[in-house]
Amino acid sequence: MRPSPARLLNILVPVKRAVDYSVKIRVNPQQTGIDTNVKHSMNPFDEIAVEEAIRMRERLPPGTVKHIKAISIGPPKALDVLRTALAVGADSAAHVALPENAPAPEPLAIAKTLASYINIQNSDPAKVEKDGKVDVVILGKQAIDDDLGVTGQMLAGLLGWGQATFASKVEVDVGKNEVVVTREIDGGAEEVRCRLPVVITTDLRLNEPRYASLPNIMKAKKKPVEKLSPSDLGIDYTPQLTTLRVTEPPKRVGGGKVGSVEELVERLKDAGITGV
Amino acid sequence: MLRAKATTTSRALLPARHQLLKKFRARTIRTSAVRLNGGAPFDPKAIERAEDEVDVCIVGGGPAGLSAAIRLKQLEREKGNEIRVVVLEKGSEIGSHVLSGAVIEPRALDELIPEWRTMADHPLTQPATSSKMLFLTKNMSLPIPHPPQMGNKGNYIVSLSQFTRWLAQVAENEYGVEIYPGFAGAQLLLSDSPDATDNWGRKVRSVRGVVTNEVGLTKEFRMKGSFEPGMAFRAKVTLLAEGAHGSLAKQAIQHYDLRREAEPQTYAIGLKEVWRVDPSQYNAGTVQHFLGWPLDSQTYGGGWVYHMDDGLVSLGLVVALDYKNPYMSPYRELQKMKHHPFFRALLEGGERVGYGARVLTEGGYQSLPKLAFPGGALLGCSAGVVNIAKIKGTHNAMKSGMLAAESAWEAVQAKAKNAEAAEAEEGGETTGPPTDMTGYDTAFHNSWVRDDLYEVRNLRPSFGTQLGIWGGIVYSGIDSLLLKGRVPWTFKHHRPANAADAMTDGTSSLDSALTERAEKHSPIEYPPFEPPLSTDLMTSVALTGTNHAEDQPVHLRVVKTRDFVRATQGLNGDGATVNAAVGAGVGAVRAEAEVGAATEADVEEERRRREEHVRVNVGEYAGLLERACPAGVYEYVDVEGEGSSEGTWNGKKLVINSQNCIHCKLCDIKVPTQDITWTVPEGSGGPKYTVT
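Thresholds applied
Residues numbered from 1 in each chain as written. Chains lettered and ligands numbered in written order. Predicted model: local features only at pLDDT ≥ 70, side-chain atom pairs only at ≥ 80, totals over all residues. Heavy atoms only, no water. UniProt positions renumbered as here; feature names shortened; annotations may be inferred. Helix = DSSP H or I, 4+ residues; strand = E, 2+ residues; numbered from the N terminus. Polar contact = N/O pair within 3.5 Å; in protein donor to acceptor, adjacent residues only side chain to side chain. Contact = heavy atoms within 4.5 Å. Buried < 20%, exposed > 50% of the residue type's maximum accessible area, 1.4 Å probe, protein only. Pairing = 2+ DSSP bridges. Right-handed = clockwise from strand over helix to strand, strands pointing away. Core = buried A, V, L, I, M, F, W, Y, C linked by side-chain atoms within 4.5 Å. Axes fitted to C-alpha atoms, helices over the stretch in contact; angles between N-to-C directions. Parallel < 35°, antiparallel > 145°, perpendicular 65-115°, else oblique. Left-handed = near helix turned anticlockwise from the far one by under 90°. Nonpolar A, V, L, I, M, F, W, Y, C, P; charged D, E, K, R; others polar. Buried area = accessible area lost by both parts, 1.4 Å probe. Salt bridge = Lys/Arg side-chain N within 4 Å of Asp/Glu carboxyl O. Domains from an automatic or database assignment. Expected span 1.5 Å × (residues − 1).

Going by an unreviewed UniProt entry, chain B carries the name Electron transfer flavoprotein-ubiquinone oxidoreductase and comes from Ephemerocybe angulata. Entered under Function (unreviewed entry) in the UniProt record, the comment concerning chain B runs "Accepts electrons from ETF and reduces ubiquinone." Database annotation for chain B, UniProt heading Catalytic activity (unreviewed entry): "a ubiquinone + reduced [electron-transfer flavoprotein] = a ubiquinol + oxidized [electron-transfer flavoprotein] + H(+)".

By the naming in an unreviewed UniProt entry, chain A goes by Probable electron transfer flavoprotein subunit beta and is assigned to Ephemerocybe angulata. Per UniProt, the comment on chain A under Subunit (unreviewed entry) is "Heterodimer of an alpha and a beta subunit." In UniProt, chain A has this text filed under Subcellular location (unreviewed entry): "Mitochondrion matrix".

Now the structure itself:
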């Protein structure tokens, strides 16, 4: 009989419903943000996060990963994104429902929500009995519509957990209660060893997400989705930041052609560029 | 080889009643991706598919398909018998592949959902306030009278994409229809042996459902780690609602010879842009149609401008696909049209927010095929229900969906009764005879849809004579204003002098046969682009949001449809081979040959077919597809040397940039060699229309 692992993992995967990657983003007429009447889908980095959670379950001995839960904070339509996560292999989902036309929540509010949720989970004896405390939070490094890239780090700070961001490789050692993460940094890669519990944010090279097959999508419709409201978690989503204006970048002006090297040097001199 | 574990049967997914009817052996594929020996070729005969059973499977989540789904669920409520309805949609969400003008007549919506006006969020917020027709010359726009059918009292200007999204929301939330976007109906599931008689008394295999697209194949037809075979939906009734020139509809028409007694279908391409115009130019509810410039007198078509809700303007150009000059580019014609003073003024200070294109049917009444085949039926524009005088078809499409639903309901109830009786008798499992949808065909021809199309049936053909659009205008004026179609004759669509091969099978298009050789015409000098008013093609295509997952089989197959159906359904020779890669390129067919799904002769045939395609298209038609495709998919490029393995001719080869495809279907219809068969790519690809 194999001895049961020292710790069973309970993984939380926050996912965001963001503007789809193939949509051409446009500034809205009021210049306060982008036109959101476009296709949305799960943030690609979050897809990678969900995939990594499932691969952890496949790589580690069976039963090590006790539970994978996806959570999203957003309008009613965020449910679609949770269903996708369920279809790909998450066990359950939670939805913190914001009103349809509320302003987009800010990263700090999201981080506080997740921290609050995790603390509620970890302090409820019944839940801890069933699935254990939340050990790993794995989320995308940034959302592709706002490109802010701070939620994971803020969450780690609020929880007081270690963080391994921009992960391109994740190795879990349950026996030693730690995780070794290869991070993408300017100029190469860095390996960090973190004790559990830990917050990991995913980068592009971590994995290639699988497709949700139709039979699994059908089954996902029946998986449970916990519904929560902001008041359940005691979070205020009033924006702390005011966006003054959003504009498109200035249009590129055409270049010019030069006839000879001498002309090129002349033009460079005119533009104020001197030799070193 | 993919191994499936029968972890759960799909019994959990069937309503209790259905479990009585059959002892169903289903396999479900496990969630985790099975690791394969990296890159084994796809063997269509050796894969195991997940299966599920439904009562009605609807291919296509557009107005017709969704109306059918809603109507079925309404009958379920009225009559009390459960019915499982599944809608498959190849777009990433409902509405992402929907593009139309559009001014809709709410007649069918009033019948389907009478209370729609009281529903929050309904999209019919902009009534049409006027209807004008203008004749354009290079510099002027002259008002002219229009057919009375074009009047717009009681109609609404909408984005059909948004309308469809709303309808889907109603279907899912109010009626419990199962809608699966991102999954394309890729293949018809035929019965194992001929078990039905078709409209012509022949013994044929019936349609027993639909198989969705496989996912995770490389361009060379090898299985990636993420490979998942398509799922098979066994359905009592299969409704094809794929819109104009649907891919499965085309195969059904070919297989069951549904066009035997009908005129061939004729088409037009509609290229559309949506602009946010300067408020000074915006006049909500305005509807304008244009004839004349930039099209010449031999080309049928015209432009439109509709002022939608919320400061947006829909504009575009419809060009009939029977145009003769292979040098014509419908895209360049649209951009040229915008240089007209009328459009310049309208679009000054505006911003373009959308672009797209889609073919529409123009054949009308004469081109309606037989609508029913054993086990299913054609709905909406898959049959072809656009009224070209009104330039509207949504009302007809929705009504056809409702009628089909009513017949399908009857058919499903009858099958259930027979099955119970048979089980009681034999005490065993029976699949029973296929459902008969001919009641729908009859109901269609007794409905107002038929009358709607009948009245205007002679208008479009009247434009096909030597007198070009002038003859058409004169005849249509008389017919639509005075006679209203109450004449004893029904014109046929204009045939070319040498109809020949063009009309021998039900799927070669008449439009392609009317294209003349390049030697009879000269290249057209289009004006240079003037951004931001008019832009190059790739800038426009970026606005469609189209994309397809990389490294998947090319979905535009270079093979005639009748050969495609034979090869993929295993109807060649003794049925030993099922060449799923036919038309996808020599490399792909070679992979199939490795696993015995195709023969060496098939590989050579593939190369020869491609060479022939390039020879005729480049040699005789100056590479028509390069100019015609509104997304820049096709290119005829130079290669070194001749006779390479991929099928080149005279130093040219065909390059298909299938990732750009916006699913308009023009290539399938217009290619002079009629050897492009449009098939579905992996689901979720294609454009992401929201305001079109």
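Let's shift gears to the side chain of S72 of chain A. All names here are of chain A. Of note, S72 is situated in strand β4 (residues 65-74). Separated by 2.9 Å, the side chain of S72 and the backbone oxygen of V15 make a polar contact. When residues no more than four places from it in sequence are discounted, the contact partners of S72 are V15, K16, R17, A78, L82, A94, H95 and V96.

Following L196 of chain A, the chain continues to P197 of chain A via a peptide bond in cis, the omega torsion being -5 degrees. Its location among the elements puts P197 of chain A in the loop between β9 (188-195) and β10 (198-202). The linkage connecting P531 of chain B with the following residue, P532 of chain B, adopts the cis geometry, with an omega of 0 degrees. Not every positive phi belongs to a glycine, and D121 of chain B is a case in point at roughly 65 degrees. Summarising the element assignment, D121 of chain B is placed in the loop between α3 (107-112) and β4 (132-136). With phi around 55 degrees, N650 of chain B is a residue other than glycine that occupies positive phi space. You can see N650 of chain B is positioned in the loop between β23 (634-638) and β24 (652-656).

On to the pairing of β4 of chain A, then. All names here are of chain A. When you tally the buried positions in β4, you get nine out of 10 residues, the bulk of the element. With six bridges joining them, β4 and strand β5 (residues 92-97) adopt parallel strand pairing. Residue pairing for β5: K69 is matched across the bridge by S92. Read from β4 through helix α2 (residues 78-88) to β5, the crossover connection turns out right-handed.

Another aspect to go through is the nonpolar core. Judged by nonpolar contacts, the single largest core of 174 residues is most densely connected at L239 and Y634 of chain B. In terms of residue count, the dominant contributor to this core is helix α9 (residues 394-426) of chain B (10 residues). When neighbours within four sequence positions are excluded, Y634 of chain B is seen to be in contact with L556, L625, E626, C629, L654, V655, I656, C667 and I676 of chain B. Counting residues in hydrophobic clusters, the runner-up holds 41 residues, among them A70, I138, C194 and L206 of chain A.

On to the packing of helix α3 (residues 107-123) of chain A against helix α5 (residues 151-159) of chain A. Residue and element names in this part refer to chain A. Orientation of α3 relative to α5, taken along the N-to-C sense of each, is 45 degrees, at an axis distance of 8 Å. Judged on the interaxial angle alone, α5 and α3 are oblique. Judged by the twist between their axes, the crossing of α3 over α5 is right-handed. Seen from α3, the contacting residues are P107, L108, I110, A111, K112, L114, A115, I118 and N119; seen from α5, they are T151, M154, L155, L158 and L159. Here the residues of the contact of α3 with α5 are counted per class, giving 11 nonpolar, two polar and one charged.

A few words now on the environment of A167 of chain A. Residues and elements named next belong to chain A. Along the chain, A167 turns up in strand β7 (residues 162-173). It is 31 Å that separates the C-alpha atoms of A167 and V246, two residues lying 79 residues apart in sequence. Each residue touching A167, except ones within four places of it in the same chain, is listed here: V181, T182, R183, I200, T201, T202, D203 and L206.

Residues and elements named next belong to chain B. It is the contact of helix α2 (residues 63-79) with helix α4 (residues 160-175), at a shortest axis distance of 10 Å, that shows an interaxial angle of 20 degrees. With respect to each other, α2 and α4 are oriented roughly parallel. The crossing of α2 and α4 is left-handed. Residues P63, L66, S67, I70, K73, Q74 and R77 of α2 lie in contact with α4, whose contacting residues are L160, T164, L167, A168, V170, A171, E174 and Y175.

Interfaces are often sized by the amount of accessible area the parts lose when they come together. Of the residues lining the interface, 27 residues belong to chain A; the matching set on chain B comes to 42 residues. Both sides of the chain A and chain B interface together cover about 2,600 Å² of buried area, and 60% of this is carbon and sulfur. On the chain A side of the contact with chain B, Y211, L214 and M218 of chain A bury the most area, a combined 26% of that side's loss. Summed over the shared surface of chain A and chain B, the result is two salt bridges. With a shortest N-O distance of 3.6 Å, D20 of chain A and K688 of chain B are connected by a salt bridge. At the level of secondary structure, the elements contributing two or more residues to the side of chain A that touches chain B comprise α1 (44-59), α2 and α6 (214-220) of chain A.

Another point: the domain arrangement of chain B. Residue and element names in this part refer to chain B. Its domain assignment divides chain B into domain 1 (17-101 + 165-262 + 367-453), domain 2 (458-494) and domain 3 (547-678). Of the residues lining the interface, 26 residues belong to domain 1; the matching set on domain 3 comes to 33 residues. Both faces combined, the contact of domain 1 with domain 3 buries some 2,500 Å², and carbon together with sulfur accounts for 55% of it. Of all residues in domain 1, K219, F221 and H245 bury the most surface against domain 3, accounting for 24% of the area lost on that side. Joining domain 1 to domain 3, the criterion identifies two salt bridges. K250 serves as the salt-bridge partner of D668, at 2.5 Å between the closest nitrogen and oxygen. Applying the counting rule to domain 1 against domain 3 returns seven residue pairs in polar contact (both at pLDDT 80 or more). Of all elements in the fold, only β8 (185-190) and α5 (247-255) reach the threshold of two or more residues within the side of domain 1 that touches domain 3. For the side of domain 1 that touches domain 3, the element with the highest residue contribution is α5, accounting for five residues.

Residues and elements named next belong to chain B. For helix α12 (residues 468-483), which comprises 16 residues, the first-to-last C-alpha distance of 21 Å matches the rise-based estimate of 22 Å (1.5 Å per residue) to within 8%. Within α12, burial applies to G468, I469, G471, G472, Y475, S476, D479 and S480. If you follow the buried residues of α12, they end up packed against α11 (448-455). At the exit of α12 stands K484, carrying a positive phi of roughly 50 degrees.

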